[in-house]
Amino acid sequence: DADRAERAARTRADPPPRGFGEAMIQAREVRKSFGDTEVLRGIDLTVRQGEVVALLGPSGSGKSTLLRTLNHLEGLNGGSVLIGDTPVGYDLRGNELAEREVARQRVAAGVGMVFQTFNLFHHLTARENIAAPLRWVHGWSAADATARADELLDQVGMADRADALPRQLSGGQQQRVGIARALAARPAVLLLDEPTSALDPERVAEVLQVITALARDGGLTMVIATHQLRFAREVADRVVFMAGGVVVEEGLADDVIGHPVQEATRRFVRAMD
Ligand code: ADP
Ligand code: MG
């Protein structure tokens, strides 16, 4: 039995299935501490162009922190992250850059982020939430930004609520605007941090549907932290299971969720199903 487990674990260390492009995200030995607490304790993660990775793990395991380090919303205490060939947040000597320069790099590298609590601008309409960053950050004209916002609102089924303020929208609708905003500048990489965990249960499906459609369209490289196992199994090419700031187990979604090898993964899958 131990032999079989060891064989299975070895199988999972194999590279992901062929057919994906070049490495879009390369995290090496990533370490992050808050005060005396080391939250990421040496994370290695490679995600290839077009690959969809589900990031699973109990609360506090470091999923949000990892996603935030990938686009330098948090600095690193060790290791390195490349998005494409850009070390976002650092110059070639490894010195940390000023926020304005980091923002420029995120744009150049093409990283979009969807947050657990939406993070919409409260005083802007749905349309303006999408159009404004295109103008401010990406330098688009007002007309182009508005046209792109309307196109995206249509794509996420929100065309009829373009003029609504966030507080006039349900959580599911707000998150669909959040996804549209993250897609606005056509990012190569989309990071989603538990996009449905702040929603009422009856609003989860509409958001998962939008994300599933994006994943199926292909082309976009995605990392999705989620507790929705069925969804992860459906959309993810690969599952990475974290606990205590390390990657405990990773592999094909059906293997890791259907037949977890590590005790921590088993416990998690049992609790969530
Ligand atoms: P997850 O997303 O898997 O629930 P997090 O990355 O949010 O995990 O958190 C991992 C650990 O880091 C938790 O113990 C959390 O309390 C801690 N943590 C996260 N962000 C901060 C912060 N800004 N300051 C201090 N501790 C933090
Ligand atoms: Mg989190």
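What comes next concerns the included structure.

Procedures and definitions
Residues numbered from 1 in each chain as written. Chains lettered and ligands numbered in written order. Predicted model: local features only at pLDDT ≥ 70, side-chain atom pairs only at ≥ 80, totals over all residues. Buried ≥ 20, exposed ≤ 12 C-beta atoms within 10 Å, placed from the backbone. Helix = DSSP H or I, 4+ residues; strand = E, 2+ residues; numbered from the N terminus. Pairing = 2+ DSSP bridges. Near = placed C-beta within 6 Å. Nonpolar A, V, L, I, M, F, W, Y, C, P; charged D, E, K, R; others polar. Contact = placed C-beta atoms within 7 Å.

Here strand β8 (residues 238-243) lies mainly inside the structure; six of its six residues are buried. Where burial is concerned, the two faces of β8 agree: the one with Arg238, Val240 and Met242 and the one with Val239, Phe241 and Ala243 are both buried. A loop of two residues connects β8 with strand β9 (residues 246-252), the two strands running antiparallel in sequence, and Gly244 in this loop sits at a positive phi of about 60 degrees.

Quick look at the site of ligand 1 now. Inspection of the region around ligand 1 gives Phe34, Val39, Gly57, Ser59, Gly60, Ser61, Gly62, Lys63, Ser64 and Thr65 as its neighbouring residues. Per-element tally for the shell around ligand 1: the top contributor is helix α2 (residues 63-70), with three residues. When its residues are assigned to classes, the shell around ligand 1 shows two nonpolar, seven polar and one charged.

Once that is clear, we can look at helix α4 (residues 126-136). Among all positions in α4, only Ala126, Arg127, Asn129, Ile130, Ala131, Pro133 and Leu134 are buried. Contacts from the buried residues of α4 go to α5 (142-155) and α6 (171-183).

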